[in-house]
Structures are given as structure tokens and as C-alpha cells.
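Results of the structural survey
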Amino acid sequence: MSHRAGVELDTVVAKHPIGAACTPAEGSNGDCLDVNAVCSAKTNKCECKPGYTGPAGGKCVAKPPIGAACTPAEGSNGDCLDVNAVCSTKSKKCECKPGYTGPDGGKCALLSNVALDSPCAYTDGGQSNCADANAVCTPQTTPTCQCNAGHYKSGSACIAKHPIGAACTPAEGSNGDCLDVNAVCSAKTNKCECKPGYTGPDGGKCVAKPPIGAACTPAEGSNGDCLDVNAVCSTKSKKCECKPGYTGPDGGKCVLLNNVALDSPCAYTDGGQSNCANANAVCTPQTTPTCQCNAGHYKSGSACIAKHPIGAACTPAEGSKGDCLDVNAVCSAETNKCECKPGYTGPAGGKCASNKGVALGQVAVWTLCMTILTVSLAVNVV
């Protein structure tokens, strides 16, 4: 109150602009200066009432309806009256946002049964307005209806993706229509298979193959589930280890050994060459391949020496053919030379051949001679 010449007067207080502090008064605009502003009970500040917009300290103006000019504001509906409208950066007019249509009675209404790849939106209940029950409204700049993670698009429908081992349609550069993200649709089998570096059973899940040194499940006759093709799952340690003839990890990989000695584990290169140190050795195909001298050579210490022909000097080896080249020759303990074994004959430097045919031929010739002689005698007697 103020007093002037005995008269009592009310104190006059200036009203507050938009954005300024105020005292909320339900049912009125409180003490806000703008007639289209209200004092918010939440912020205790003057704000433009619904349907109006304005900057702090400015004036509340009516929001433009659909089709009216507006000021584009990225990330919001600009200053459009309808909450489901946006201010187009192209036309600079209020337009219904993707997934909505209008004006329907002056308002943007949610579309129904939206097709795949078409703009969509969510209802107030959180449901998308996509026509396919297995589609979702993707969160992107312009949301569109897309098949969910467990389905793939086929025409206008969302089809359930296929598990490992099931038939599929190959799609180069993707996992086609396979359910597992680590599976691909094989162009050879037309079935969903785990992609390189992964393994898994039919109907199961593709899991990353274990590297060298990691735990694994031994599988007889294969490298188990080891990542490196030159590793095997040890039945003893149940860990991935480099197979015979390889060493590692070298950069995490099993690498082919070089210059492998005789009787040591070996392997073949991609080019089909063994990694044996001796040029006259081969990697024998057995359970655990080892470097052994080839058929034309014999082992002498750590070297492979050429075997000797018939008549050449050799080293006698009791009970074997020693170091003779011909399988039907032996190294004579008397002459220290390679000779044809009993029942065989052959010239020096040649090949041992069976002499059974020779013996039979000699008998046949003797029989013929005796027959001719007998006939001749009989003629002379007569």
C-alpha cells in the first residue's frame, strides 16, 4: 500500500515477459505480460500457451497450421501447430512428418498398414504402423518399415530367416536369409553355413573357432574346431596345437617348418612340395608323416644316398637287400656287391629277372632234342 493525501493506493507491479520468473495462478495467465502466455506451474516461468510460440523476452504468436509458412528448426517440428507436423526445409511450410497424412480435419493422422520401405511412425501405445507384423519402424532420419532381425524381405513380406543347415537363397556379399549373423548362404550347397572362422552344428549357433593355445573339442580325422587350418585339437591337452610339420604361433598362425630332418614330422606346402631338408626325401603318408628317403635312395646318417645297381659295391645288410637299387637284388656278404638273389638273374647294371622261365625253356629244348634223336635212330634201324 502507498499513501497520498490520506488516500490508500495499491502497489502496481510490472508483468513479466516470456522466460521470466512468475507466480503460477491456475485459470489465468498469472502475472505474465503476454496475453497468450501462462505462468508454468512446473518451471515458474512465463511460457507461451499451447498453440503459440515465441522466444524468451519476445511475443507469443500463433503456431502455423499445416500448409502455412514456417521457420525450419532442425530436430523439432519447428513452430508448427500440429505436433505431428514438421517445418519443411524445402517448402518452408508445415507438412505432416513421415508416417502421417493430412490434413484430416486440419490435423496430421497416423497412416495405417504402411508397406515395407515406406515412411512410418509409432502410435501412442508404442506400436509401429507397419502392415507386416514382423516389421519394425527403424530409428533413422526418415523412419521406414523394415523386417525385424529374425526375418528378411521377400517381395512385400517379411519371411523368417533360416537356421544353420537349412535351405536358403544365396546373396553374394551378405548372409542372405540366414538367421545367424555369422552364417552365410552357400552358393554351392544353397544352405546356411557358418562363415570362415566360425563353426556350429545344424540348427545351432555359429561360434568363433578357437585360436592356437585355446581350448577346443577334439574331432578325429579333422582339425577339430581350430581356427588355423594347420592346427589340430590335441586329444591330450584339448587345446589347438600346430600339426606335425608346422610351428607357431608366428603372428598367431601355424607356419610350415623348413629343412625338416629325416624321421622328423613333416608336411607338404600348398605347391605340393615336402618341407624335408634332403632333396631325395619324401614326407610319408602315415598317421604322423615323417621325412623318409625315397625309393631310389637309402638312409645313411642324416643323408639319403643313391642305391646301387647290380654289380656295384655296396654295404652288406643281413636279412635285407642292403642298399641295392633292384628289389630283387641283395648285397653279397662275399663280394660286397649287389647281386640278384636266388631265383633271379641279370647282367651288371641291368635288372634282376626271374630265372624260372629260363629253366623251363631249357627242359623244353632238351625234350625236343631227345625226341629228334629217338626218331633218327629209329629211321636208321629200319
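Computed from a predicted model, the values in this text were never measured in an experiment. Throughout, a residue's number is its position along its own chain's written sequence, starting from 1. Owing to the predicted nature of the model, reporting of local features is limited to residues with pLDDT of at least 70; listing and counting of side-chain atom pairs is limited to 80 or more, with chain, interface and lining totals taken over all residues. Think of the side-chain values as coming from all heavy atoms in the structure, minus any hydrogens and water.

**What about the overall build of the chain?**
Where we set the bar: Labels follow the DSSP assignment, with helices taken as runs of H or I lasting at least four residues and strands as runs of E lasting at least two, numbered in each case from the N terminus. Partly exposed describes any residue whose relative accessible area lies between the buried limit of under 20% and the exposed limit of over 50%, with all areas from a 1.4 Å probe on protein chains only and scaled to the type maximum. Here, two residues are considered to be in contact whenever any of their heavy atoms come within 4.5 Å of each other. In these tables, accessible area is a Shrake-Rupley quantity obtained with a 1.4 Å probe, and a residue counts as shielded only by the protein chains included in the view.
Along the backbone of the chain there are one helix and 30 strands. Counting only residues that meet the buried cut, the chain has 27% of its 382 residues in that class. Residue pairs in contact within the chain that sit at least 24 positions apart in sequence constitute 27% of those at least 6 positions apart. By element, 55% of the accessible surface of the chain is carried by carbon and sulfur atoms, the whole surface being about 23,800 Å².

**Re the state of the cysteines**
Here, the word disulfide means a covalent bond between the sulfur atoms of two cysteines. In plain terms, the rule: Criterion for a disulfide: a pair of cysteine sulfur atoms within 2.5 Å.
Following the criterion strictly, the structure yields 21 disulfides and no others. Across the disulfide, Cys 120 is cross-linked to Cys 137 (sulfur-sulfur distance 2.0 Å). With the S-S bond torsion at 100°, the cross-link from Cys 120 to Cys 137 turns out right-handed. In this pair, Cys 120 sits in the loop between strand 10 (107-110) and strand 11 (135-137) while Cys 137 sits in strand 11, placing the two residues 17 residues apart along the sequence. The disulfide that involves Cys 324 links it to Cys 338, with 2.1 Å between the sulfurs. Since a negative S-S torsion denotes a left-handed disulfide, the Cys 324-Cys 338 link at about -100° is left-handed. Residue Cys 324 is found in the loop between strand 26 (303-306) and strand 27 (329-331), and its partner Cys 338 is found in strand 28 (residues 338-340); the two are separated by 14 residues along the sequence.

**A word on the confidence of the model for the chain**
So the rule is basically this: For every residue, the predictor reports its confidence as pLDDT, a number between 0 and 100.
With 80% of its residues at a pLDDT of 70 or more, the chain shows a mean pLDDT of 81. Of the regions scoring below 50 in pLDDT, residues 358-366 engages in zero contacts with residues more than four places distant in sequence or in other chains.

**A word on the pairing of strand 25 (residues 297-300)**
Short version of the rule: The pairing criterion for strands is at least two bridges between them, as found by DSSP.
Where strand 25 meets strand 26, four bridges bridge the pair, whose relative direction is antiparallel. Across the sheet, Tyr 298 pairs through a bridge with Ile 305, a residue of strand 26. The hairpin turn running from strand 25 into strand 26, its antiparallel successor, is two residues long, and Gly 301 in that turn takes a positive phi close to 70°.

**So, unusual backbone geometry**
Despite not being glycine, Lys 92 shows a phi value in the positive range, around 55°. Structurally, Lys 92 can be placed in the loop between strand 7 (85-87) and strand 8 (94-96). Positioned with a positive phi, Asn 259 is a non-glycine residue whose angle comes to about 50°. Locating Asn 259 in the fold gives a position in the loop between strand 22 (253-256) and strand 23 (281-283).

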